[in-house]
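Observations on the model geometry
One letter stands for each residue in the lines below.
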Amino acid sequence: MAEQPLQRVVVAGGTGLVGRALVKALVRAGVEVVVLTRRPGSAVLPPGARAQGWEDPAEALEGADAVFNLAGEGIADRRWTAKRKQILLQSRVGPTEALVEGLRGCTHRPAVLVNASAIGYYGAAPDDTPLSELSPAGTGFLPEVCQAWEAAALAARSLGVRVAIARLGMVLARNGGALPKMALPVRLWAGSRLGDGRQGLSWIHLHDLVAMLLAAAGNPAWEGPFNATAPEPVSQAVFLRLLSKQLHRPLAPIPGVLAAAGVRLALGELGRDLLLRGAFVHPGKAEVLGFPFRFPSPEEALLDLL
Ligand SMILES: NC(=O)c1ccc[n+]([C@@H]2O[C@H](COP(=O)([O-])OP(=O)(O)OC[C@H]3O[C@@H](n4cnc5c(N)ncnc54)[C@H](OP(=O)(O)O)[C@@H]3O)[C@@H](O)[C@H]2O)c1
């Protein structure tokens, strides 16, 4: 199906790691951008983008061609206490519901909502079984958050809005996100496998993610959930080996089991679910739709970013 050119879009959570890159690409393409943010007064945006608060999403959405929703508190920012878990859930479901309410209130509503979710939807796969969009939801906190988040976004379908849901893998970027945090111990000669290192690590280069979000907004063939991951997920041990090669540092001789115990101790459930478990998630839908990955392999991505 033909690409629809975008003229005016709304980006909720456009001040974050992914949002900033997306807004930059949109502005560069001549698209008018409104960023929904909790702090419109202090948001630093590229010229051509305008910040707006969450008081009246319908007003921002009226007449826009598309809305992207990336809002949510940082999943890995601090330990998952019961209170923190509630914040993580609410900071995703709440803004998504507010956007859908805003869409309901529009006379000329955007044709598409591109909503973030995460590969956390699938939970941990016990072995290296490849997962695709057809795989079922997992069990535990992250799958529950992702299911509630996606259900809130899919409610926009009843308003005639196409909903494309990007299940993001670990986003690799030069500044921000997980990569600098993973690279730091390696740079300091203290990089180590976590556990047996066989857990899947499904990632995507920020450049490809932005291109995929734009493709999903512009092309009606992107409908429902799709995995925003690169075609080559790898094990944690392989990723770490590539990182150590790229940074010209050997891995530290710390037994994986000891490193895993440290992670459990320091981060609790968050460390277990995000670092010690994983899954090999493939971008089945993107591949069927012929999405042109610029960084399909981790070697290419790391070479570009480090
Ligand atoms: N980066 C990854 O590796 C990764 C992986 C999987 C899934 N994801 C998901 O993809 C989305 C974008 O990721 P990102 O890395 O760009 O995240 P990020 O850098 O943490 O940015 C998220 C944005 O959400 C907004 N936000 C936070 N709490 C909010 C709340 N309570 N209400 C409304 N807005 C709130 C913030 O904007 P303001 O402060 O301006 O309001 C922030 O800029 C996130 O939802 C994240 O969970 C990311």
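In this text the structure is predicted, and so the values were computed from the model without any measurement.

**Some words on the overall build of the protein**
Scanning the protein from N- to C-terminus turns up 11 helices and 13 strands. Whereas a compact globule of 306 residues would reach a radius of gyration of roughly 19 Å, the protein reaches 19 Å, a difference of no more than 12%. Each of the three principal axes of the protein carries a C-alpha extent, and together these read 60 × 40 × 40 Å. Split into buried and exposed, the 306 residues of the protein put 52% on the buried side. Long-range contacts, defined here as pairs at least 24 residues apart, represent 77% of the contacts in the protein between residues at least 6 apart. Here the protein has roughly 13,900 Å² of accessible surface; of this, 57% comes from carbon and sulfur atoms. Charge separation in the protein, taken as the distance between the mean sites of 31 positive and 26 negative side-chain charges, equals 7 Å.

**Quick word on the sheet that holds strand β7 (residues 162-168)**
Spatially, β3-β2-β1-β4-β5-β7-β11 is the arrangement adopted by the seven strands of the open sheet, whose pairing is parallel. Either end of the sheet is taken by a strand with one partner, and the two such strands are β3 (49-52) and β11 (224-228). Strand-to-strand twist of the sheet, defined as the mean angle between neighbouring strand axes without regard to direction, takes the value 20°. Strand direction decides the pairing type here: strand β1 (residues 8-12) and strand β4 (residues 66-69), joined by four bridges, are parallel. When the bridges of β4 are listed, Val 9 appears paired with Ala 66. Across the sheet, helix α3 (residues 82-104) touches β1, β2 (32-36), β4 and β5 (112-118), and the angle it forms with β4 is around 170°. On top of the sheet, helix α4 (residues 141-154) reaches β4, β5, β7 and β11; it is set at about 175° to β5, its chief contact.

**Some thoughts on the packing of aromatic side chains**
Per the stated rule, a full pass over the model turns up five aromatic pairs. Centroid distance Trp 222 to Phe 291: 6.2 Å. Interplanar angle 90°. Geometry classified as edge-to-face. Taken together, the positions of Trp 222 in the loop between α6 (206-218) and β11 and Phe 291 in the loop between α10 (284-288) and α11 (298-305) put the pair 69 residues apart, joining distant regions of the chain. Just as Trp 222 is buried, Phe 291 falls in that class too. Arranged with centres 4.9 Å apart and planes meeting at 85°, the rings of Phe 291 and Phe 293 form a pair that is edge-to-face. Each member of the pair Phe 291 and Phe 293 is classed as buried. Feature note: the residues Trp 222, Phe 226, Phe 291 and Phe 293 constitute an aromatic cluster, connected by ring pairs. Of note, Arg 92 hangs over the ring of Trp 149, and the distance from its end group to the ring centre comes to 5.0 Å.

**Notes on the UniProt feature "domain: DUF1731" (unreviewed entry) in the protein**
As annotated by UniProt and renumbered to match this structure, "domain: DUF1731" (unreviewed entry) occupies residues 260-305. Between the end C-alpha atoms of residues 260-305 there is a gap of 26 Å, over a span that is 63% helix and 4% strand.

**A closer look at the side chain of Asp 273**
Inspection of the secondary structure assignment puts Asp 273 in helix α9 (residues 269-276). Using a relative accessible area of 18% as the deciding quantity, one classes Asp 273 as buried.

**Quick look at the packing of helix α5 (residues 178-187) against helix α7 (residues 236-246)**
Where α5 contacts α7, the axes come no closer than 10 Å and their chain directions differ by 65°. The orientation of α5 with respect to α7, classified from their angle, is roughly perpendicular. Of the two possible hands of crossing, α5 and α7 adopt the one that is right-handed. Contact residues: Leu 179, Met 182, Ala 183 and Val 186 in α5; Phe 239, Leu 240, Leu 243 and Ser 244 in α7.

**Brief notes about unusual backbone geometry**
Unlike most non-glycine residues, Trp 189 shows phi in positive territory, near 65°. Relative to the assigned elements, Trp 189 resides in the loop between α5 and β9 (200-201). Note on Trp 189: relative accessible area 51%, which makes it exposed. Despite not being glycine, His 248 shows a phi value in the positive range, around 55°. Relative to the elements of secondary structure, His 248 occurs in the loop between α7 and α8 (256-267).

**With respect to the site of the ligand**
For the ligand, the set of nearby residues contains 23 residues, the closest of which are Thr 15, Val 18, Thr 37, Arg 38 and Arg 92. Between the ligand and Val 18, the relevant distance is 2.8 Å, taken from an oxygen atom to a main-chain nitrogen or oxygen of the residue. Considered on its own, the ligand offers 880 Å² of accessible surface; in the complex 81% of this is hidden by protein. Only α1 (17-28), α3, β5 and β8 (170-172) provide two or more residues apiece to the shell around the ligand.

What counts, and at which threshold
Residues numbered from 1 in each chain as written. Predicted model: local features only at pLDDT ≥ 70, side-chain atom pairs only at ≥ 80, totals over all residues. Heavy atoms only, no water. Helix = DSSP H or I, 4+ residues; strand = E, 2+ residues; numbered from the N terminus. Rg over C-alpha atoms; globule rule 2.2 N^0.38 Å. Buried < 20%, exposed > 50% of the residue type's maximum accessible area, 1.4 Å probe, protein only. Contact = heavy atoms within 4.5 Å. Areas by Shrake-Rupley, 256 points an atom, 1.4 Å probe, with all protein chains shown as cover. Lys, Arg positive; Asp, Glu negative; His and termini not counted. Charge placed at Lys NZ, Arg CZ, Asp CG, Glu CD. Pairing = 2+ DSSP bridges. Axes fitted to C-alpha atoms, helices over the stretch in contact; angles between N-to-C directions. Phe/Tyr/Trp six-rings, centres within 6.5 Å; stacked < 30°, edge-to-face > 60°. Lys NZ or Arg CZ within 6 Å of the ring centre and 35° of its normal. UniProt positions renumbered as here; feature names shortened; annotations may be inferred. Parallel < 35°, antiparallel > 145°, perpendicular 65-115°, else oblique. Left-handed = near helix turned anticlockwise from the far one by under 90°. Near = heavy atom within 4 Å. Polar contact = N/O pair within 3.5 Å; in protein donor to acceptor, adjacent residues only side chain to side chain.

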